[in-house]
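Reading the structure
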Amino acid sequence: MDPIRRTALESDFEFAFDAKRQALGPYIAARWGWDDDFQRNLHLGRWRERPWSIILQSATPVGTIAPWKVDGHLRIGEFYVFPAFQRSGIGSAVLQDVLGQADRDNEVVRLEHLKWNSVGELYGRHGFVLESANGTHCFMVRRPIGPLRCGCLTGRIGHNRTFTSKLDWHA
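By convention here, each chain's residues receive numbers from 1 onward along its written sequence. Local features in this predicted model are restricted to residues of pLDDT 70 or higher, and side-chain atom pairs are both shown and tallied only at a pLDDT of 80 or more, whereas totals for entire chains, interfaces and linings draw on every residue. Computation of side-chain values: all heavy atoms of the structure, hydrogens and water removed.

The next point concerns the environment of Arg87. For helices the rule is a DSSP run of H or I covering at least 4 residues; for strands it is a run of E covering at least 2, with both sets numbered from the N terminus onward. Checked against the element boundaries, Arg87 lands in the loop between strand E4 (73-81) and helix H4 (90-104). The sequence separation of Arg87 and Leu122 amounts to 35 residues, and the corresponding C-alpha distance is 9.7 Å.

And the structure:
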């Protein structure tokens, strides 16, 4: 069964913070150490300003994600899956759902991750490319995939013109 998302409730705050602590905490601790008070305050600010969702797998909460529209694009943040549920296809399924809607809405999607976090490989598999970077973060972007780039191998488009997967036009 594919994971589903539900809108986060105020009562989900501690769950969401624990998801961050477990999924992202080791990467933060590797560079700066984990300061629980600092991270809780940072988390609270993001909790208040972003539309969080809880990721459920078979009714079990397994992570969080917060997609929101800003400056003419969709931004994905707070994407945390508990380590026990990572590498099981949950992150890919959630991304496919969010990105599918972005494609239907013709929206660019942006996100960021710590340079030393291997999650960038997951994002790359879903069409994100590096847009820029600084000393600590990779900033990635994914352009919408239109109907001619969605895996169609061959087809016919009006006026007796056909296209192939290379998007070569033939009369």
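Don't stop here, the text continues.
Another point: the side chain of Asn117. Its location among the elements puts Asn117 in the loop between strand E5 (109-114) and helix H5 (119-125). The contact criterion used throughout is that any non-hydrogen atoms of two residues lie within 4.5 Å. In contact with Asn117, other than residues within four places in its own chain, are Leu24 and Tyr27.

Judged by nonpolar contacts, the single largest core of 19 residues is most densely connected at Ile55, Ile76, Phe79, Tyr123 and Phe128. Looking at this core, the elements that each hand over two or more residues are strand E3 (60-70), E4, H4, E5 and H5. Element by element, the count of residues in this core is highest for H4, at 6 residues. Those residues in contact with Phe79, other than ones at most four positions away along the chain, are Ile55, Thr64, Ile65, Gly91, Val94, Leu95 and Tyr123. Residues grouped as a nonpolar core are buried Ala, Val, Leu, Ile, Met, Phe, Trp, Tyr and Cys residues, joined through side-chain atoms within 4.5 Å. Each residue is assigned to one of three classes by its accessible area relative to the maximum for its type, calculated with a 1.4 Å probe on protein chains only: buried under 20%, partly exposed between the two thresholds, exposed over 50%. Within the second largest apolar cluster, 16 residues are counted, among which are Phe13, Ile54, Ala66 and Leu114.

Fair warning: the whole summary comes from geometry, so function is off the table for now.
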